[in-house]
Amino acid sequence: MSLMKLFKNAHLLCPADLGQQDVLIAGKQIIAIGQDLLIGNHNLPVEIIDASDCYLTPGFVDSLVHFIGGGGEGGFASRTPEMQLTDATLAGVTTAIGVLGTDSTTRTLTNLLAKAHALETEGISTYCHTGSYQIPCRTLMGSVTDDLILIDKFIGVGEIAISDHRSSQPTLTELRKVAAQARVGGMLAGKAGIVSVHVGAGASLLDPLHQAVNGTELSLKQFYPTHINRNQDVFAAGIRFAKAGGVIDFTTSTTAYDLKHGEVAAAQALAMALEQQIPVANLTMSSDGNASLPLFNVQGELLGLEVGKVSSLYQSARSAMLDFKISPSLAIAAITSSPAAVLGLSHKGTLAVGKDADLVLIHKDDLHIRSVFAKGRTMVKQQKAVVFGTFETKDD
Ligand code: ZN
C-alpha cells in the first residue's frame, strides 16, 4: 500500500470546478494540486492513478446518520440495524455525523460514541451530536455545553424534534436554552456547536426556530433544520428560513410511499432552492442513513417501516445532475463543502493543499462512483470495497 498517490488528469470539483489537474496525496493529506505534477525519478513509493475519465471530488460529508440504528416506533422489533463501514464507503461517504433520534432510552450516547470510534478505526471520519429528539437533552457529562467542550467527537446537539408528534413538544424557552448551551459549548471548544433540528410535518413548520431567535442574540445559523423536503409546506418554510440566512438540509432517504404523499425528492428540492437564488452554501443534503422511515397515516398511526440508506446521498446528488441539470460543482457542494462548513469541519469538504485526503473518483460518462479514499487510504476500488468493517463478510 503506497502512502503517496498521484491522481493524473482528473477533472477537479473542489467542489469549485478547476478543470483538469493532478492531485498528490501523502499519508492522510493533500499535499499538491496543479497541472503536470511530476514526481521525478526518485524511486518514491507513489501509486499513479490515471483519472483522465473521472471527476475527482472531496469525500462526501453525511451530516445525519443513525449509525447505531434508530427507529423503534413500531415496537422493539422495528428498531433498525447499525450501519456498516462499507455502507458508507461504497456510497462515497468518508465523514459521517452520528445521531440518536426518537429513542434515547435503548439507544445511548455511549453506544453512539463507541460506534463513532469503531468507524474511525475502520477508516472513515466520524463525529456525533449529543442529545436526541427530546428536551431536556440526554447528555454524557451533565449538560450540552459540557459534552461539546469535553468530548472530542461531539460537535453539536440533536436532532432536536420540532413540529412533530414524536417531539417532546419543546417550549421556546427550552429551544433557546439548548441553542445557548450549544453555542457556548461550541465557542469554548472551537466547534460548530450547531443545533440539528428534526422538522416534522406539524403545522407550526419552522416557526419555533424563528420565534426562538426573535428577541434574543441567537442567530438562525445556530439551527440546522433537516427533512426540509418532507412536503411542500415544509419546503416553502425552508425557503423562507434560508432566505433569512439559515442553512437547510434535504433528506435523501425516502420511500415510494412518501414521494407519492407529497415529499419532494431531495434532488428536486435542491434544484428548486437553487432556482430561488438560495446560495449552495445554505443548502445541504444528508442521508438519514439507518433511520427508520415510518409510514404514518394522517391519524399518526404506523402503517409500516423502511430503513434509510447512506447510499441515497450520492444517488440524490447524481439525480440532481442527471435529472435536474444541476452543475456537478453545485450538486457536489451540497454533500461536501456546504455540510462541512455548517459543521465547522474546516479540514473536510474541499480539495485543497493541507486538507484531509478524502477523495471520490466518479466516472464522467455515467456518474457512477469508481473509487473512494478516506484519510489517504483506498477504501473502494473499481466500485468494489477493498476495506471492510471488522464483522463484515467480504463476499457480499
Ligand atoms: Zn429526523
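A quick note: this is a predicted structure, and the numbers were derived from the prediction, not measured.

Quick notes on the rules
Along each chain, numbering runs from 1 in the same order as the chain's sequence is written. The model is predicted, so local features are restricted to residues of pLDDT at least 70 and side-chain atom pairs to those at 80 or more, both for listing and for counting; the totals for chains, interfaces and linings are taken over all residues. By convention in this description, side-chain values take in all heavy atoms of the structure and omit both hydrogens and water. Any two strands between which DSSP finds at least two bridges are classified as paired. The way it works is that DSSP assigns letters per residue, a run of H or I at least four long becomes a helix, a run of E at least two long becomes a strand, and they are numbered from the N terminus. All axes are obtained by fitting lines to C-alpha atoms, using only the stretch in contact for helices, and the reported angles, taken between N-to-C directions, cover 0 to 180 degrees. Donors, by definition, are the N, O and S atoms found within 2.8 Å of a metal, the threshold being 3.2 Å for Na, K and Ca, and water is not counted, so a site can look incomplete. In this scheme, a residue with accessible area under 20% of its type's maximum is buried, one over 50% is exposed, and one in between is partly exposed, where area comes from a 1.4 Å probe on protein chains only. A cavity here means a set of points on a 1 Å grid, drawn over the protein atoms and nothing else, where a 1.4 Å probe fits but cannot get out; a pocket is an open set with protein on both sides within 12 Å along at least five of seven lines, and a residue lines either one if it has an atom within 4 Å of a point. Grid points are joined across faces, edges and corners, and a volume is the space filled by probe spheres set on the points. Residues grouped as a nonpolar core are buried Ala, Val, Leu, Ile, Met, Phe, Trp, Tyr and Cys residues, joined through side-chain atoms within 4.5 Å. Note: domain ranges come from an automatic or database domain assignment. In this analysis, two residues are considered to be in contact whenever any of their non-hydrogen atoms come within 4.5 Å of each other. By convention in these notes, a salt bridge is any Lys or Arg side-chain nitrogen within 4 Å of a carboxyl oxygen on Asp or Glu. Pairing of N or O atoms within 3.5 Å defines a polar contact, subject to two protein rules: one partner must be a possible hydrogen donor and the other a possible acceptor, and residues neighboring in sequence count only if both atoms are side-chain atoms. Throughout this description, any angle smaller than 35 degrees is read as roughly parallel, any larger than 145 degrees as roughly antiparallel, any in the 65 to 115 degree range as roughly perpendicular, and the remainder as oblique. Here is the rule for handedness: rotate from the far helix to the near one, and if that takes an anticlockwise turn smaller than a right angle the crossing is left-handed, while a clockwise turn gives right-handed. Classes in brief: Ala, Val, Leu, Ile, Met, Phe, Trp, Tyr, Cys and Pro nonpolar; Asp, Glu, Lys and Arg charged; the others, Gly included, polar. Throughout, buried area stands for the accessible area (probe radius 1.4 Å) lost by two parts on being put together, summed over both.

Here we look at the sheet that holds strand 7 (residues 93-98)
Link 1 in the chain: Across the sheet, which stays open at both edges, the six strands sit in the order 6-7-8-9-10-11 with parallel pairing between neighbours. Strands with a single pairing partner mark the edges of an open sheet, and in this sheet they are strand 6 (60-65) and strand 11 (223-226). Neighbour-to-neighbour, the strand axes of this sheet turn through a mean angle of 30°, independent of strand direction.

Description of the coordination of the zinc ion
Link 1 in the chain: Distances from the zinc ion to its protein donors, namely Glu-159 (OE), His-198 (ND1) and His-227 (NE2), fall within the range 1.9 to 2.1 Å.
Link 2 in the chain: Each donor residue of the zinc ion lies on the same chain, and together they follow the pattern E-x38-H-x28-H. On the criterion of sequence distance, the pair formed by Glu-159 in strand 9 (residues 154-162) and His-227 in the loop between strand 11 and helix 6 (232-243) is long-range, its members being 68 residues apart. No difference in accessibility class separates Glu-159 from His-227, as the two residues are buried.

With respect to the pairing of strand 2 (residues 17-26)
Link 1 in the chain: For strand 1 (residues 4-13) and strand 2, the ladder comprises eight bridges, and the chain directions are antiparallel. Note that in strand 2 the partner of Met-4 across the bridge is Ala-26.
Link 2 in the chain: The turn linking strand 1 back onto strand 2 is made up of three residues.
Link 3 in the chain: Of the pairings in the sheet, the one linking strand 2 to strand 3 (residues 29-34) comprises five bridges and is antiparallel in character. What sits directly across from Leu-24, in strand 3, is Ala-32.
Link 4 in the chain: Here strand 2 hands over to strand 3 after two residues, with Gly-27 in that stretch at a positive phi of 60°.

Considerations on the layout of surface pockets
Link 1 in the chain: Computed from the structure, the largest pocket encloses a volume of approximately 850 Å³.
Link 2 in the chain: Along its surface, the largest pocket is lined by 38 residues, and Ala-201, Arg-230, Asp-258, Pro-294 and Phe-296 are the ones closest to its centre.
Link 3 in the chain: At the level of elements, helix 7 (256-260) and strand 14 (292-296) are the ones that each hand at least two residues to the lining of the largest pocket.
Link 4 in the chain: When residues of the lining of the largest pocket are assigned to their parent elements, the largest contribution, five residues, is made by strand 14.

Things to note about the nonpolar core
Link 1 in the chain: Counting 86 residues, the largest nonpolar core has Phe-60, Phe-67, Phe-250 and Tyr-314 as its most contacted members.
Link 2 in the chain: In terms of domain composition, this core takes at least three residues from each of domain 1 (4-57 + 351-385) and domain 2 (59-342).
Link 3 in the chain: Each residue touching Phe-250, except ones within four places of it in the same chain, is listed here: Ile-228, Asn-229, Phe-235, Ala-266, Ala-269, Leu-270, Ala-273, Leu-283, Thr-284, Met-285 and Ser-286.
Link 4 in the chain: Residues Ala-10, Ile-30, Ala-51 and Ala-357 belong to the second largest nonpolar core, which totals 16 residues.

As for the pattern of salt bridges
Link 1 in the chain: Applying the stated rule across the entire model yields nine salt bridges.
Link 2 in the chain: Two residues, Arg-166 and Glu-73, come together in a salt bridge whose shortest N-O distance is 3.0 Å. Of this pair, Arg-166 sits in the loop between strand 9 and helix 4 (172-189) while Glu-73 sits in the loop between strand 6 and helix 1 (85-89), and the two are 93 residues apart along the sequence.
Link 3 in the chain: Of the charged contacts in the structure, one is a salt bridge between Lys-348 and Asp-356, with a shortest N-O distance of 2.7 Å.
Link 4 in the chain: Overall, the relative accessible area of 3% leaves Lys-348 in the buried class.
Link 5 in the chain: Salt bridges linked by common partners bring Glu-73, Asp-164 and Arg-166 together as one network.

Some details on the pairing of strand 14
Link 1 in the chain: Here strand 14 lies mainly inside the structure; five of its five residues are buried.
Link 2 in the chain: Because side chains alternate across strand 14, one face comprises the buried residues Ser-292, Pro-294 and Phe-296, and the other comprises Leu-293 and Leu-295, equally buried.
Link 3 in the chain: As judged from the five bridges shared by strand 14 and strand 15 (residues 302-307), these two strands associate in the antiparallel manner. When the sheet's bridge partners are listed, Leu-293 is paired in strand 15 with Glu-306.
Link 4 in the chain: Hairpin connection between strand 14 and strand 15: a loop of five residues separates the two successive antiparallel strands, and Gly-300 in this loop has a positive phi of roughly 80°.

Focus: the environment of Thr-108
Link 1 in the chain: By the secondary structure assignment, Thr-108 is in the loop between strand 7 and helix 2 (109-122).
Link 2 in the chain: Taking relative accessible area as the criterion, Thr-108 reaches 28% and is therefore assigned partly exposed.
Link 3 in the chain: Residues Thr-108 and Thr-130, 22 residues apart in the sequence, show an inter-C-alpha distance of 9.7 Å.
Link 4 in the chain: Of note is the side chain of Thr-108, whose polar atom sits 3.1 Å from the side chain of Thr-110.

Comments concerning the packing of helix 8 (residues 266-275) against helix 9 (residues 312-322)
Link 1 in the chain: Axis separation between helix 8 and helix 9 bottoms out at 8 Å; the angle between their running directions is 50°. Put simply, helix 8 runs oblique to helix 9. Between helix 8 and helix 9 the crossing geometry is right-handed. Packed against helix 8, whose contacting residues are Ala-266, Ala-267 and Leu-270, the element helix 9 presents Ser-316, Ser-319 and Ala-320 at the interface.
Link 2 in the chain: Looking at side-chain class alone, the contact of helix 8 with helix 9 contains four nonpolar, two polar and no charged residues.

Remarks on the domain arrangement of the protein
Link 1 in the chain: According to the domain assignment, the protein contains domain 1 (4-57 + 351-385) and domain 2 (59-342).
Link 2 in the chain: Centre-to-centre, using C-alpha coordinates, domain 1 lies 29 Å away from domain 2.
Link 3 in the chain: Taken together, the contact between domain 1 and domain 2 spans 24 residues of the former and 25 residues of the latter.
Link 4 in the chain: Between domain 1 and domain 2, the buried area comes to about 1,800 Å², and carbon and sulfur atoms account for 66% of it.
Link 5 in the chain: In terms of surface lost to domain 2, no three residues of domain 1 exceed Pro-15, Leu-367 and Lys-375, which account for 30% of the buried area on that side.
Link 6 in the chain: In this structure, the connection of domain 1 to domain 2 is made through one salt bridge.
Link 7 in the chain: Linking domain 1 with domain 2 are nine residue pairs in polar contact (both at pLDDT 80 or more), by the criterion used here.
Link 8 in the chain: For the side of domain 1 that touches domain 2, the secondary-structure elements that each account for two or more residues are strand 5 (54-58), strand 16 (359-363), strand 17 (369-374), strand 18 (377-381) and strand 19 (384-385).
Link 9 in the chain: Among the elements that take part in the side of domain 1 that touches domain 2, strand 17 stands out by supplying four residues, more than any other.
Link 10 in the chain: Looking at the side of domain 1 that touches domain 2, its residues break down into 15 nonpolar, three polar and six charged.

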